[in-house]
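Coordinate analysis (summary)
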Amino acid sequence: MDWMERMDGTLCPLVILSVFLLSSDLPLCSAAFLEPVDLLYDSAVQAFYGGDYESVVRYMEGALSSHRGVRRARVRCRLRCQDQHPFHEIFSDLRFCDVVLRRAACMNACIEAKLGTQSVHKVSDEVIQDFNRRIPYNYLQLAYQKLKQLEKAAAAAHTYFQANPEHVEMGQHLEQYKDLQGVEENHFVDREARPHQQSFTAAVKLYDKGDYEGAVTLFEDALVEYYKADVECRALCQGPQKFEGHDHVRYRYSLHEVVSDHFTQVLHCEHECVRDLATRPGRLSPMENYLPLHYDYLQFAYFKVNRLEEALQCALTYLLFHEGDEFMADNVDHFREILMHDSTPREEAERYLTRHQLELELLLMGSKIMGVDFTEGNYWSSTGGRDDSNRIPSGTDGWMEYVPISEKKNITVIVSQQLKEGGPLLYDSVQLVQNSVALNGTQRVLLDHVISEAECAELRNLAHAVTMAGDGYRGRMSPHTPNERFEGATVLKTLQYGYEGRVPMSSARLFYDTSERVRRIVESYFMLNSTLHFSYTHLVCRTAITGQQDHRNDLSHPIHADNCLLDPDANECWKEPPAYTYRDYSALLYLNGDFEGGEFIFTEMDAKTVTASIKPKCGRLVGFSSGGENPHGVKAVTSGQRCAVALWFTLDPLYRELERLQADEVIQALDTQSIWGQGLTINPKDEL
């Protein structure tokens, strides 16, 4: 069965409930299996910090190869088993269960024959995110640079930059690579390029040059690759789903409710493949009107090379997406008049849109059963299109708005407050340095003397005694850049250390009291009319790694916003998961300034135009609202160690920091002397 048949196959790919039923009896193949991605990735990172760059290359290239191999195996096995065990038009409940269980057994056997035990290849969300952001290529380009393999370094740097265009330094270093002897233009390749997007981009370039014959070939290739990629995207949706708020182990829900819940989430994932395939790496918003635009370009290119039969067919296909578009309708009438006969739209597009509409109907039904809201994405509207004199209005508004079905209805909505600032600073020593106007933005403030030199020194000593490499960010030693070591500790952890006698309890108490002081100052200065709650509090240090500061091409912390996903291309910030959408205000209290680099910067939404730069020093506090109005980052720390107290706040009491509430109880117990002689139950967590 080819990709065309698969696209028209099962509309309800229910790989459900049964994966675990048969897995224990499946035979394992004795062939050599792929090594786990996370193990290879971790080994590469450890080798990087050890300066063993040959091992970095070996392990990281292995991790990338294994990552591709796992994906390929899952896609092939799921499609193979779907073909081997199809649903028939008429079948009984028993026949339905038979197909589902046989598919599950088939997929388990197939995948484990290729990969080995599947649990070995389950990786954390953090590792998946790193691979999606192409972080391995940042390590690789540095390692290849150290090994003097400049052509491979250039390819790795180019691949990384395609998904991280906000890294201005990387762009500058790519320019430097171009001037190096032995590095040629063909070395700058995107190793993770998606074939359908690559063909489309190349086709547009030929079209713009007037090479319509060449453009036609590449646009047709792009369509073939698009529909193949769609099949693969849908196959990858058939894995496990997260059941928010459901406890399936205890079977509190009926079988049909569980099946409906799972199926709706799988279907939602498949429906969003439209958006995924139109989105470039590292971007949040999809390319406008992506799939219909292929047919728009093709109808005109075919017309230019006098292939009117194909031109008419592509014009009719475009009208499937934009029924009633008057410009394209005029083209259709023109082609019909010349040919003196009619034609039909392309079959693959008709199937695609028919399935898309059926999916929407099922999603609306399934979402209603689950008790969640679902809004159809604005996949194809009637604006935008080809950039030439024959431009036909088409496209999306630049973003596909939808409400993820995992978000339940009982969400507390915080009413937007009128933005104010200039309230009292509460403490005599605190000095206002710059307000929003001076910092060229809104809801920004810079204060000095929030704490004393002695308090800064005590908190730095506390940081050195308590912080663990990577603690606070799920154990990752360098969550933002491989050139610095990141260390952190929470308030509760310091109190635990104080109770155990590993640090002075007075120092742990100072950390607690200082964070409360910052909260009160931010709440007062921005004149908030409701209580500001802690969302997360972190004592953090960033240390420049010796020997890795030459040719720094990254930021210590990339440009971002704290409660939304920054999209520099669209000049927008999308307030949706995985962003911490509940965070309202942020603050950083610096504990020292005896290091090189490490300036805090505000930028425009383009993540490039710096609007303000702040040099840290002891007792200096920068506070700001957490939204897209305040994109910010940290310049590279090139020498020494930069320490600070990082704080995020929320106006929604439902999102108060759990560890802070526990810390409050500990402090209250200390104040009443009720814990002496008793055990102190503290269960610190890395991050909420």
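Throughout, a residue's number is its position along its own chain's written sequence, starting from 1. In view of the model being predicted, local features appear only for residues whose pLDDT reaches at least 70, and side-chain atom pairs are presented and counted only at 80 or more, with totals across whole chains, interfaces and linings using the full set of residues. Computation of side-chain values: all heavy atoms of the structure, hydrogens and water removed.

This brings us to the nonpolar core. Only buried residues count toward a nonpolar core. Its members are Ala, Val, Leu, Ile, Met, Phe, Trp, Tyr and Cys residues joined through side-chain atoms within 4.5 Å. A 1.4 Å probe rolled over the protein chains alone gives each residue an accessible area, and that area as a share of the maximum for its type sets the label: buried under 20%, exposed over 50%, partly exposed in between. In terms of nonpolar packing, the biggest core is built from 46 residues, with Leu 447, Val 450, Val 518, Val 522, Leu 591, Leu 621 and Phe 649 touching the most fellow members. Numbered from the N terminus, helices here are DSSP runs of H or I no shorter than four residues, and strands are runs of E no shorter than two. Those elements giving two or more residues to this core turn out to be strand S2 (444-448), helix H18 (453-466), helix H19 (491-499), helix H20 (505-525), strand S5 (533-544), strand S9 (585-590), strand S16 (641-650) and helix H21 (658-671). A per-element tally of this core places H20 first, with 8 residues. Tyr 227, Phe 300, Val 305 and Tyr 318 belong to the second-largest nonpolar core, a separate cluster that totals 41 residues.

We now examine the pattern of salt bridges. Definition used for salt bridges: Asp or Glu carboxyl oxygen within 4 Å of a side-chain nitrogen of Lys or Arg. In the structure shown here, the tally under the stated rule is 24 salt bridges. Between Arg 134 and Asp 190 there is a salt bridge, with its nearest N and O atoms 2.8 Å apart. Here Arg 134 is found in the loop between helix H6 (125-132) and helix H7 (135-146), whereas its partner Asp 190 is found in the loop between helix H9 (168-178) and helix H10 (195-208), with 56 residues between them in sequence. On the basis of relative accessible area, Arg 134 is assigned to the buried category, the value being 5%. For Asp 190, a relative accessible area of 22% puts it in the partly exposed group. For the salt bridge of Glu 270 with Arg 234, the shortest nitrogen-to-oxygen distance reads 3.7 Å. Of this pair, Glu 270 sits in helix H12 (residues 255-271) while Arg 234 sits in helix H11 (residues 212-236), and the two are 36 residues apart along the sequence.

On to H18. With 14 residues, H18 extends 20 Å from end C-alpha to end C-alpha; this agrees with the ideal 20 Å at 1.5 Å per step. Cys 456, Leu 459, Leu 462, Ala 463 and Val 466 are the residues of H18 that are buried. For H18, the arc enclosing every buried residue in end-on projection is 125°, short of the 170-degree limit, so these residues lie on one face. Seen from the open side of H18, the exposed residues pointing more than 90 degrees away from its buried face are Glu 453, Ala 454 and Asn 461. How far a helix is expected to stretch is found by multiplying one less than its residue total by 1.5 Å. What the arc describes is the spread of directions from the helix axis to the C-beta atoms.

Time to look at the state of the cysteines. Cysteine sulfur pairs qualify as disulfides if the two atoms are within 2.5 Å. By the definition in use, this model includes 7 disulfides. Note on cysteine connectivity: Cys 564 is disulfide-linked to Cys 573, with sulfurs 2.0 Å apart. Taking the sign of the S-S torsion, about 95° here, the bridge from Cys 564 to Cys 573 comes out right-handed.

What follows deals with the sheet that holds strand S6 (residues 557-560). In this analysis, strands are considered paired if DSSP registers two or more bridges between them. Read across the open sheet, the 4 strands follow the order S6-S14-S11-S12; overall the sheet is antiparallel. Of all strands in the sheet, those with a lone pairing partner are S6 and strand S12 (610-614), marking the two edges. Averaged over neighbouring strand pairs, the angle between their axes works out to 15° when direction is ignored. Relative to S12, strand S11 (residues 600-603) is paired through 4 bridges, and the arrangement is antiparallel. Bridge assignment links Ile 601 to a residue of S12, and that residue is Ser 613. Only the stretch in contact is used when a helix axis is fitted, and all axes are lines through C-alpha atoms; the angle between N-to-C directions ranges over 0 to 180 degrees.

For Arg 191, the location among the structural elements is in the loop between H9 and H10. Arg 191 sits in the partly exposed class, given a relative accessible area of 32%. Taking the C-alpha atoms as reference points, Arg 191 and Thr 159, separated by 32 residues in sequence, lie 5.8 Å from one another. Those residues in contact with Arg 191 that sit more than four places away from it in its chain are Glu 61, Leu 64, Tyr 137, Leu 140, Ala 155 and Thr 159. Any N or O atom pair separated by 3.5 Å or less is treated as a polar contact, with the protein-specific requirement of one donor-capable and one acceptor-capable atom, and with residues adjacent in sequence counted only for side-chain atom pairs. A polar atom in the side chain of Arg 191 sits 2.6 Å from the side chain of Glu 61. Throughout, a contact is declared for two residues whenever any of their heavy atoms are within 4.5 Å.

On to the environment of Ala 587, then. Looking at where Ala 587 falls in the secondary structure, it is placed in strand S9. Not counting chain neighbours up to four residues away, the residues in contact with Ala 587 comprise Val 518, Val 522, Leu 621, Val 622, Gly 623, Val 645, Ala 646, Leu 647 and Phe 649.

Another aspect to go through is a positive patch on the surface. Exposure above 30% relative accessible area and no salt bridge define the residues that can form patches, which grow by joining like charges within 9 Å and nonpolar side chains of Val, Leu, Ile, Met, Phe, Trp and Tyr within 5 Å. Here the Shrake-Rupley method, with its probe set to 1.4 Å, supplies the accessible areas, and only the displayed protein chains count as covering residues. Positive charges come from Lys and Arg alone, negative charges from Asp and Glu alone, with His and the N- and C-terminal ends not counted. Charge coordinates come from a single atom per side chain, which is NZ of Lys, CZ of Arg, CG of Asp or CD of Glu. Taken together, the side chains of Arg 72, Arg 76, Arg 80 and Lys 114 make up a positively charged region of the molecular surface. Ranked by the residues each element gives to the positive patch, the list is headed by helix H4 (residues 53-84), at 3 residues. Mapped onto the elements of the fold, Arg 76 is located in helix H4.

Only rings of Phe, Tyr and Trp enter the pairing, Trp through its six-membered ring, and a pair is recorded when the two centres are within 6.5 Å. The plane angle decides the type: under 30 degrees is stacked, over 60 is edge-to-face, the rest tilted. Scanning the model with the defined rule gives 28 aromatic pairs in all. For the pair Tyr 41 and Tyr 139, a centre-to-centre distance of 6.5 Å together with 85° between the ring planes defines the contact as edge-to-face. Here Tyr 41 is found in helix H3 (residues 37-49), whereas its partner Tyr 139 is found in helix H7, with 98 residues between them in sequence. Each of the two residues, Tyr 41 as well as Tyr 139, counts as buried. Ring geometry for Tyr 227 against Tyr 352: centres 5.6 Å apart, planes inclined by 70°, an arrangement best described as edge-to-face.

Attention now moves to the packing of H20 against H21. Taken N-terminus to C-terminus, the directions of H20 and H21 make an angle of 125°; their axes are 12 Å apart at the nearest point. The angle between H20 and H21 falls in the class oblique. Seen from above, H20 lies across H21 with left-handed handedness. Side by side, H20 and H21 meet where Met 505, Arg 509, Tyr 512, Ser 515 and Glu 516 of the first sit next to Arg 660, Ala 663, Asp 664, Ile 667, Leu 670 and Asp 671 of the second. For classification, angles of less than 35 degrees are called roughly parallel, those exceeding 145 degrees roughly antiparallel, those between 65 and 115 degrees roughly perpendicular, and all remaining angles oblique. Crossing handedness is defined as follows: a turn of the near helix away from the far one that is anticlockwise and smaller than a right angle gives a left-handed crossing, while the clockwise case is right-handed.

So, about the confidence of the model for the protein chain. Known as pLDDT, the predictor's per-residue confidence is scaled from 0 to 100. For the protein chain, the mean per-residue pLDDT works out to 79, and 78% of the residues sit at or above 70. The model gives residues 243-251 a pLDDT under 50, and that stretch makes 14 contacts with residues more than four places away or in other chains. pLDDT under 50 marks residues 387-416. Its contacts with residues more than four places away, or in other chains, come to 101 contacts.

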